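What the coordinates show
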Amino acid sequence: MDVALYVIAAAVLVVLILFAVKVRRQTRAADEDQRRDVVRAAGPPQRAAEERGAGMPRRRRNLASVMANRRPQREAVEREEEPVEEDEVEQQSFQAEMEEREERRRMQELREQERQQAEEKERLQEQKQEEQERRAKEEQEKREEEEYLRLKASFIVEEQGEEEQLSEDQSRNLLQEFIQHIETSKVVLLEDLASHFGMRTQDAISRLQDLLAEGSLTG
Amino acid sequence: MSKVTFKITLTSDPRLPYKVLSVPESTPFTAVLKFAAEEFKVPSATSAIITNDGIGINPAQTAGDFICSYGMCF
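Reading the values: the criteria
Residues numbered from 1 in each chain as written. Chains lettered and ligands numbered in written order. Predicted model: local features only at pLDDT ≥ 70, side-chain atom pairs only at ≥ 80, totals over all residues. Heavy atoms only, no water. Helix = DSSP H or I, 4+ residues; strand = E, 2+ residues; numbered from the N terminus. Contact = heavy atoms within 4.5 Å. Areas by Shrake-Rupley, 256 points an atom, 1.4 Å probe, with all protein chains shown as cover. Pairing = 2+ DSSP bridges. Axes fitted to C-alpha atoms, helices over the stretch in contact; angles between N-to-C directions. Buried < 20%, exposed > 50% of the residue type's maximum accessible area, 1.4 Å probe, protein only. Salt bridge = Lys/Arg side-chain N within 4 Å of Asp/Glu carboxyl O. pLDDT = per-residue confidence, 0-100. Expected span 1.5 Å × (residues − 1). Arc of directions from axis to C-beta. Polar contact = N/O pair within 3.5 Å; in protein donor to acceptor, adjacent residues only side chain to side chain. Patch = residues over 30% accessible without salt bridge, like charges linked within 9 Å, V, L, I, M, F, W, Y side chains within 5 Å. Phe/Tyr/Trp six-rings, centres within 6.5 Å; stacked < 30°, edge-to-face > 60°. Lys NZ or Arg CZ within 6 Å of the ring centre and 35° of its normal.

A separate point is the overall build of chain A. In terms of regular secondary structure, chain A is built from five helices and one strand. When the helices and strands of chain A are read in sequence order from the N terminus, they spell out α-α-β-α-α-α. Long-range contacts, defined here as pairs at least 24 residues apart, represent 45% of the contacts in chain A between residues at least 6 apart. Surface accessibility of chain A: about 19800 Å² in total, with carbon and sulfur atoms responsible for 51%.

Right, here's the structure in full:
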C-alpha cells in the first residue's frame, strides 16, 4: 500500500517537472523573438560598457545599471550578426534571381528550337508536295505525248500547196463571170452557184444580195 | 473507222500555204492543231485554228463534232 502511494507520488512529480521544463522553453523562445524585434527597431548603438581602469577597485554596481550596460553589448553583438544575416538573405535572393533568369533563358531557347523545328518540318512538307505535283504533271505530259504519237500515226496529209492570190483584174473578171452565169442560167440553185465558183453557199447569197443592192442584177 | 478532212491554210505566211489533212473522226481537235502546227513548222502553243468566217474552234471537241457543227454529218 505504501509502495503504491510512493510510486504514484513519484509519477506525479515527474509529470510536473516535465510540464515545467516545457513551459520554460516556450517562455525563453518568446523572449528571444521579442528581443530581436526590439533590437531591429532600436536606433544607433549606445555606448558600450565603460572600461575599468587597472587596479581600480571592483565596485559592485546595482543590478539595473549592470543590466543596462550588458544590454548595449548584447545589442552590438546582435547588430553585428544582423548585417551577416542580411548579407546572407541578399545573397540568397540574388541567387534565386539568377536561377530564375537562367530558367527563363532556357525556356526561351527551347521555344525557339521548337519553332525552328516546326518551320523546317513545314518547309520539307511543302517541298515534298511540290515535288509530287511536278512529278504528276510530268507523267500527265508524258501520257499525252504518247497518246498524240499514237494518233499521229493515223493522220494523213492528202494535199498541200499554196493558195492562188487573185489579182484585181482576175477578181473583176470573176465577178463578171458570176453575173454572166446568173444572167445566162436565169434560174439557178444557190448551192450549185456556190460550188461552181468555189465559194460557200452563204458567201454566194451575200454576194448576190450585194449585186442586187448595187443594181448590177435585177429580178 | 470513218475519217474527216480539213483544209488548213497558214495565214501568217503571205504565200498562204495550205495542207489537206485527213484524220479519224474521234481525234481530239488539240491533236489536229498540234499536227498542223508541226506540219507548218510553227509553235502549237501560240497557234489557233479558226474557220473562214472567223469562228474560233473549241479544241476540246473531237474532229467529228466540229465537222458536224458545220452541218456535214453523215
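Having seen the structure, we can now continue with the description.
Turning our attention to the sheet that holds strand β1 (residues 156–162) of chain A. With antiparallel pairing, three strands are arranged side by side in an open sheet as β1(A)-β2(B)-β1(B). The open sheet is flanked by β1 of chain A together with β1 (3–9) of chain B, the only strands paired with a single partner. Between one strand and the next, the sheet's axes are offset by a mean angle of 15°, whatever the strand orientation. Pairing analysis gives seven bridges linking β1 of chain B to strand β2 (residues 17–24) of chain B, with the strands arranged antiparallel.

Let us now look at helix α1 (residues 29–39) of chain B. Residues of α1 of chain B that are buried: F29, A31, V32, L33, F35, A36 and A37 of chain B. With its phi angle positive at about 60°, K41 of chain B sits one or two positions after the end of α1 of chain B.

What follows covers the pattern of salt bridges. Residue and element names in this part refer to chain A. Counted under the stated rule, the structure contains 17 salt bridges over all chains. Between E102 and R105 there is a salt bridge, and its shortest N-O distance comes to 2.4 Å. Placement of both E102 and R105 in helix α2 (residues 63–152) is noted, with a separation of three residues, approximately one turn of the helix. R115 is paired through a salt bridge with E112; the nearest N and O atoms lie 2.5 Å apart. Here the residue R115 and the residue E112 both occupy positions in helix α2, the gap between them amounting to three residues, near one helical turn. For E112, a relative accessible area of 35% corresponds to the partly exposed category. Connected through shared salt-bridge partners, E131, R134, R135 and E138 make up one network.

What follows is about the confidence of the model for chain B. The predicted model of chain B has a mean per-residue pLDDT of 80, with 74% of residues at 70 or higher. Confidence scores differ between elements of chain B, with helix α2 (residues 63–69) of chain B showing the lowest mean pLDDT of 66 and β2 of chain B the highest of 91.

With that settled, consider helix α5 (residues 201–214) of chain A. For an α-helix, the turn length of 3.6 residues means that residues three or four places apart are oriented alike. Residue and element names in this part refer to chain A. Over its 14 residues, α5 runs 20 Å from end to end, which matches the ideal 20 Å to within 8%, given 1.5 Å per residue. Those residues of α5 lying buried are A204, L208 and L211. Looking down the long axis of α5, one finds its buried residues gathered within 65° of arc, a one-sided arrangement. The outward face of α5, more than 90 degrees from its buried face, is lined by the exposed residues Q202, Q209, A213 and E214. Immediately downstream of α5, the backbone of G215 shows phi near 100°, a positive value.

Residue and element names in this part refer to chain B. Inspection of the secondary structure assignment puts T27 in the loop between β2 and α1. For T27, a relative accessible area of 0% gives the class buried. Within the structure, T27 has its side chain in polar contact with the backbone oxygen of P24 (distance 2.7 Å).

With that out of the way, let us pick up a nonpolar patch on the surface. Residues and elements named next belong to chain A. Taken together, the side chains of I8, V12, L13, L16, I17 and V21 make up a nonpolar region of the molecular surface, amounting to roughly 560 Å² of accessible area. Among the structural elements, V21 can be located in helix α1 (residues 2–41). Its relative accessible area of 41% is what places V21 among the partly exposed residues.

Attention shifts here to the packing of aromatic side chains. Pairs of aromatic rings are described using the distance from one ring centre to the other and the angle between the two planes. Under the criterion given, the structure shown has two aromatic pairs over all chains. Ring centres of F6 of chain B and F29 of chain B lie 5.4 Å apart, and the angle between their planes is 80°; this geometry places the pair in the edge-to-face category. One end of the pair, F6 of chain B, is in strand β1; the other, F29 of chain B, is in helix α1, and 23 residues separate them in sequence. In this structure F29 of chain B comes out as buried when scored by relative accessible area, which is 3%. When the ring centre of F40 of chain B is taken as origin, the NZ or CZ atom of K19 of chain B, which lies over that ring, is 5.7 Å away. A cation over an aromatic ring shows up here: K34 of chain B above the ring of Y148 of chain A, its NZ or CZ 4.6 Å from the ring centre.

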